[in-house]
Amino acid sequence: MSHTLGARQAQKLKTRQALLDAALQLLEEQSLSSLGLREVTRAVGVAPTAFYRHFRSTADLGVALVEEALGSLHPMIRTVVSTTGDGEERIARAVELIAGHVAAHPAHVRFIARERHGGVQSVRAAIREQLDRFTEEVKTELAKDPQAVGWSDDDVRMLAGLYVDQMLGTASLFLEAGSEEERGRVARVASRQLWLISVGRVHWLD
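Student: An account of the overall build of the protein is needed here, citing residue identities and associated values.
Tutor: Along the protein, the regular secondary structure elements total 10 helices and zero strands. Mapped from its N terminus to its C terminus, the protein presents α and β elements in the order α-α-α-α-α-α-α-α-α-α. In terms of overall dimensions, the protein has C-alpha extents of about 65 × 40 × 30 Å along its principal axes. Expressed as a percentage of the 206 residues in the protein, the buried residues total 40%. The contacts in the protein between residues at least 6 apart in sequence include a share of 66% that link residues at least 24 apart.

Below you can see the structure in the form of structure tokens.
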């Protein structure tokens, strides 16, 4: 009996992931608000009623996609902030990590970029909640740095938010860059932006 239940659970998880993957692929060309569940189930090859065994609605599916897309970013963002080395090395490493993530997960990055200000309220809220988590995680890392001595909690959080916004903006720009030359231009601008934040950080208490 336990073997049968285990097999059913595995199949259920497999179907759920197939629905997520199919939706993500379909969302390459449209927004979540225009996505129909019949499109998703047809792509997977299951009956429309099967959708409701996994998600209450396409909005619920979208929230699951947010968790899948941004969950993988937490380690990368912590690595970007905590990378050792001098300023230029840290910035170069940060830009390299962002570019690598975009290359590895373009559909997820495109989904978040489109839906962050999209028409599905629950998905916007889920993205905002994840970004708030990022900001708190980055704030925790920044507070460990000797440069943070004397900073107020609100100011460290503000700085963390600047880093998170800049990294997300850079990811979107890398996504749209169609050539090696364009990607190089994005990398150079991103490096200068990070450097500007770093300079302001050094002199903030002045």
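Student: A description of the nonpolar core should follow, citing residues and the corresponding values.
Tutor: Membership of the largest hydrophobic core comes to 57 residues, with the highest contact counts inside it found for Leu65, Val66, Phe111, Val123 and Tyr163. Each residue touching Tyr163, except ones within four places of it in the same chain, is listed here: Val138, Leu142, Leu194, Ile197, Ser198 and Arg201.

Student: I'd love a proper account of the pattern of salt bridges, names of residues and values included.
Tutor: Tallied over the entire structure, the rule returns 14 salt bridges. Salt-bridge contacts for Asp145 lead to Arg201; the nearest nitrogen and oxygen are separated by 3.3 Å. Within this pair, whereas Asp145 is found in the loop between helix H8 (121–143) and helix H9 (153–176), its partner Arg201 is found in helix H10 (residues 180–203), the two being separated by 56 residues in sequence. Note on accessibility: Asp145 and Arg201 belong to one class, buried. In this structure, the salt-bridge partner of Glu181 is Arg185, at a minimum N-O distance of 3.5 Å. Of this pair, Glu181 and Arg185 both sit in helix H10, separated by four residues, roughly a single helical turn. One continuous salt-bridge network, built from bridges that share partners, spans Glu136, Lys139, Asp153, Asp154 and Arg157.

Student: Help me get a handle on the packing of helix H4 (residues 58–71) against helix H7 (residues 106–115), residues and values and all.
Tutor: Geometrically, a packed helix pair is captured by the angle between its two axes and the distance between the axes. Put simply, H4 and H7 touch, their axes get as near as 10 Å, and they point 125° apart. By the angle class used here, H4 and H7 are oblique. For the pair H4 and H7, the crossing hand works out as left-handed. Here H4 contributes Gly62, Leu65, Val66, Glu68, Ala69 and Leu70 to the contact with H7, which in turn contributes His108, Phe111 and Ile112. Along the lines of polarity and charge, the residues of the contact of H4 with H7 split into six nonpolar, two polar and one charged.

Student: Explain helix H2 (residues 37–44) residue by residue, including any values.
Tutor: Along H2, the residues that are buried comprise Leu37, Val40 and Thr41. In an axial view of H2, the angular spread of the buried residues amounts to 90°, which keeps them on one side of the axis. Away from its buried face, by an angle of more than 90 degrees, H2 presents the exposed residues Arg38, Arg42 and Ala43. At the C-terminal side of H2, Gly45 shows a positive phi close to 90°.

Student: How would you explain the packing of aromatic side chains if you had to name every residue and give the values?
Tutor: Remark: the centre distance and the inter-plane angle together describe each pair of aromatic rings, the angle taken between the planes. Across all of its chains, the model carries three aromatic pairs by this definition. With a centroid separation of 5.6 Å and an interplanar angle of 45°, the aromatic rings of Phe51 and Phe55 are classed as tilted. Accessibility classification places Phe51 together with Phe55 in one group, the buried group. Their ring planes at 35° and their centres at 6.3 Å tell us that Trp151 and Trp204 sit as a pair that is tilted. Within this pair, whereas Trp151 is found in the loop between H8 and H9, its partner Trp204 is found in the segment after H10, the two being separated by 53 residues in sequence. A relative accessible area of 43% means that Trp204 is categorised as partly exposed. Members of the aromatic cluster, each reached through a chain of ring pairs, are Phe51, Tyr52 and Phe55.

Conventions used here
- Residues numbered from 1 in each chain as written.
- Predicted model: local features only at pLDDT ≥ 70, side-chain atom pairs only at ≥ 80, totals over all residues.
- Heavy atoms only, no water.
- Helix = DSSP H or I, 4+ residues; strand = E, 2+ residues; numbered from the N terminus.
- Buried < 20%, exposed > 50% of the residue type's maximum accessible area, 1.4 Å probe, protein only.
- Contact = heavy atoms within 4.5 Å.
- Core = buried A, V, L, I, M, F, W, Y, C linked by side-chain atoms within 4.5 Å.
- Salt bridge = Lys/Arg side-chain N within 4 Å of Asp/Glu carboxyl O.
- Axes fitted to C-alpha atoms, helices over the stretch in contact; angles between N-to-C directions.
- Parallel < 35°, antiparallel > 145°, perpendicular 65-115°, else oblique.
- Left-handed = near helix turned anticlockwise from the far one by under 90°.
- Nonpolar A, V, L, I, M, F, W, Y, C, P; charged D, E, K, R; others polar.
- Arc of directions from axis to C-beta.
- Phe/Tyr/Trp six-rings, centres within 6.5 Å; stacked < 30°, edge-to-face > 60°.

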